[in-house]
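Reading the structure
Here is what each chain is made of, one letter per residue.
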Amino acid sequence: MSKRKILITGGAGFIGSHLVRRMVLRYEDYEIYNLDNLTYAGNLENLRDIESKANYHFIKADINDFEEVKALFDRYRFDSVIHLAAESHVDRSIEDPLAFVHTNVLGTMHLLYAARQTWKDDYTGKRFYQVSTDEVYGSLGDTGLFREDTAYDPRSPYSASKASADHFVRAYFHTYGMPVLISNCSNNYGPYQFPEKLIPLVINNILHRRTIPVYGDGSNVRDWLWVEDHAEAIDVLFHNGIEGETYNIGGNNEMQNIELVHLLCDITDEMLGRPVGDSRALITFVKDRPGHDRRYAIDASKIKDTMGWEPGTTPEVGFRKTVRWYLDNDSWLDAVTSGEYLKYYEKHYHAR
Ligand code: NAD
Ligand code: TYD
């Protein structure tokens, strides 16, 4: 039998790089193609350790360019797609929603369209896996959990674009019989996350003794999952998930933002040998994000009951490993926070 050829999109980004590394190292008999156009959030440094592996291939391409996507399907005849490429930051989606429609909606459509043309409705051994977010379900009050049958209710341009893409993926299952799979995951944390997102931003600002911007009163709640656990869940679902189905993935680890920021300040101070409370003094409450979703929380019983998957990393271990990694890799932080990032930071935070 010929080797499986798996196209992973967005593999130079945060979650994608962990997934690519896992798939390349675990499945030497698969050919892994990482398609990424290396936006500000994509960085080949994230994959330096595996780039010379024989079963790893990098393709610099843009999912917004249908001709290019189709030509790649024609050339490589991928039999599976795990789709992560996206514009992924809510604050940027508020400033530039059209970019999110282009990449997240149209880009996903291009992949579906090219996959169907290539596979010509013979779906034997094929799979299209859409990596999505819990944010499509909207915002929870103090109680309740997102389940797979919770109605979509996206409220930011980012979540609306991901929800739209998910709908197209599902439409391809019902209309064309394409073997698709969707997972909706909560907030990830760990190494290689671009420091526009809360956790690396806080650690980076502590390192530079810059103020730590907390939106609103800091009481919004997110559920946090160690990124390698997410990559493991994707691997499990890619191999064993039932086509046409959706699976929620979560960390069983809800925290208020302010609680999390306090924890990160304390761990970082301890690791840097700074006095207790030193970094908490940097916390500044700033204007709230427009339409800021109150709370996300996941009922992850389906993946646990059907796949036997649960997060393997406790928050106590995961947050310490995360802080340690950014402190040990401050040159990575410095490299990605130069240039364009600085312009974004000035514009976004100094306009507040
Ligand atoms: P990220 O922003 O770190 O990475 C996105 C990657 O996609 C980058 O490497 C970027 O270069 C690439 N990309 C963007 N536009 C592209 C285009 N037009 N063509 C080709 N490549 C392009 O994002 P992430 O946090 O790793 O998220 C990956 C996926 O997981 C996204 O689809 C996101 O919606 C989803 N997700 C993220 C989280 C989270 O907490 N980060 C949680 C649940 C789901
Ligand atoms: P973020 O990491 O952007 O993820 P998401 O919005 O997709 O959940 O933000 C996590 C939480 O932290 C969210 O409630 C917004 C908040 N936040 C701040 O308080 N300050 C910040 O500077 C950022 C980037 C986020």
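I will try to describe carefully the structure that is included in this document. Every residue gets a number counted from 1 within its own chain, in the order that chain's sequence is written. Throughout, the order in which chains and ligands are written sets their labels, letters from A for the former and numbers from 1 for the latter. This being a predicted model, a pLDDT of at least 70 is required before a residue's local features are given, and a value of 80 or more before pairs of side-chain atoms are given or counted; all residues contribute to the totals for chains, interfaces and linings. Water and hydrogen atoms play no part in the side-chain values, which are based on all heavy atoms of the structure.

Strands are runs of DSSP state E lasting at least two residues, helices are runs of H or I lasting at least four, and both sets are numbered from the N terminus onward. Assigned secondary structure in the protein consists of twelve helices and twelve strands. Its C-alpha atoms give the protein a radius of gyration of 20 Å, within 12% of the compact-globule value 20 Å for 352 residues. Taking the principal axes of the C-alpha coordinates as reference, the protein spans close to 60 × 45 × 40 Å. Sorting the 352 residues of the protein into buried and exposed places 57% on the buried side. Only heavy atoms enter the contact rule, under which two residues are in contact if any of them lie within 4.5 Å. Nonlocal contacts in the protein, meaning residues at least 24 apart in sequence, comprise 83% of its contacts between residues at least 6 apart. The atom set for the radius of gyration is the C-alpha atoms, and the globule formula is 2.2 Å times the number of residues raised to the power 0.38. To sort residues, take the accessible area from a 1.4 Å probe on protein chains only and compare it with the maximum for the residue type: under 20% means buried, over 50% means exposed, and anything in between is partly exposed.

This brings us to empty space enclosed by the protein. Grid spacing is 1 Å over the protein atoms alone, the probe is 1.4 Å, and a cavity is where that probe fits but cannot get out, while a pocket is an open set with protein on both sides within 12 Å along at least five of seven lines and lining residues have an atom within 4 Å of a point. Grid points are joined across faces, edges and corners, and a volume is the space filled by probe spheres set on the points. Enumeration according to the criterion identifies two cavities of 30 Å³ or more in this entry. Roughly 50 Å³ of internal volume is contained in the largest cavity. Of the pockets and cavities examined, the second largest cavity occupies roughly 40 Å³. Forming the boundary of the second largest cavity are Tyr189, Trp224, Leu225, Trp226, Asp229, Gly251, Asn253, Pro311, Thr313, Thr314 and Pro315. Counting residues per element, the lining of the second largest cavity draws most heavily on strand S9 (residues 221-226), which supplies three residues. Here the residues of the lining of the second largest cavity are counted per class, giving six nonpolar, four polar and one charged. Only Asp, Glu, Lys and Arg are considered charged, only Ala, Val, Leu, Ile, Met, Phe, Trp, Tyr, Cys and Pro nonpolar, and every remaining residue, Gly among them, polar.

Turning our eyes to something else, we now look at the pairing of strand S4 (residues 80-83). Residues Ser80 and Ile82 point to one face of S4 and Val81 and His83 to the other, with burial holding for every one of them. Whether two strands pair depends on DSSP finding at least two bridges between them. Sheet topology note: the strand S1 (residues 4-9)/S4 ladder contains four bridges and is parallel. Directly across from Ile6, in S4, lies its bridge partner Ser80. Alignment of S4 against strand S5 (residues 127-133), held across four bridges, turns out to be parallel. Of the residues in S5, the one forming a bridge with Val81 is Phe128.

Of note, Arg170 is situated in helix H5 (residues 157-176). None of His or the chain ends enter the tally, which takes Lys and Arg as positive and Asp and Glu as negative. The term salt bridge refers to a side-chain nitrogen of Lys or Arg lying within 4 Å of a carboxyl oxygen of Asp or Glu. One buried charged residue, Arg170, forms no salt bridge at all, with the nearest opposite charge on Asp166 at 5.1 Å. Under the rule applied, a polar contact is a pair of N or O atoms within 3.5 Å (in protein, one hydrogen donor and one hydrogen acceptor; residues adjacent in sequence only if both atoms are side-chain atoms). In terms of polar contacts, Arg170 uses its side chain to reach the side chain of Tyr152, at 3.3 Å. Excluding residues that lie within four positions of it along the chain, Arg170 makes contacts with Tyr152, Ile182 and Thr246.

This part takes up the site of ligand 2. Neighbouring ligand 2 are 18 residues, the closest being Glu135, Arg222, Arg289, His292 and Tyr349. Between Asn257 and ligand 2, the recorded distance is 2.9 Å, taken from a side-chain N or O atom to an oxygen atom. Contact between ligand 2 and Arg289: an oxygen atom at 2.5 Å from a side-chain N or O atom of the residue. If you list the elements that add at least two residues to the shell around ligand 2, you get helix H3 (90-95), helix H6 (198-207) and strand S8 (212-215). Of all the elements, S8 adds the most residues to the shell around ligand 2, at three residues. Grouping the constituent residues of the shell around ligand 2 by class yields eight nonpolar, four polar and six charged. Whether a residue is near a molecule or strand is decided by its heavy atoms; if any one of them lies within 4 Å of it, the residue is near.

What follows concerns the packing of H6 against helix H8 (residues 257-272). Angles shown run from 0 to 180 degrees and are taken between the N-to-C directions of axes, each axis being a line fitted to C-alpha atoms and, for helices, limited to the stretch in contact. Packing of H6 against H8 leaves a shortest axis separation of 10 Å and a crossing angle of 40°. One way to sum up the angle between H6 and H8 is to call them oblique. Regarding H6 and H8, the two cross each other, and that crossing is right-handed. Only Asn257, Leu260, Val261, Leu264, Cys265, Thr268 and Leu272 of H8 make contact with H6, whose side of the interface consists of Leu198, Ile199, Val202, Ile206 and Leu207. Looking at the contact of H6 with H8 residue by residue, the class counts come to ten nonpolar, two polar and no charged. Should an angle fall under 35 degrees it is taken as roughly parallel, and over 145 as roughly antiparallel, whereas 65 to 115 is taken as roughly perpendicular and any remaining angle as oblique. With the far helix as reference, a near helix turned anticlockwise by less than a right angle produces a left-handed crossing, and one turned clockwise produces a right-handed crossing.

Located in the positive-phi region is Leu38, a residue other than glycine, with phi close to 55°. Tracing the backbone shows Leu38 in the loop between strand S2 (30-36) and strand S3 (56-60). Residue classification places Leu38 among the partly exposed residues on the basis of a relative accessible area of 27%. In this structure, Arg77 takes a positive phi of about 50° despite not being glycine.

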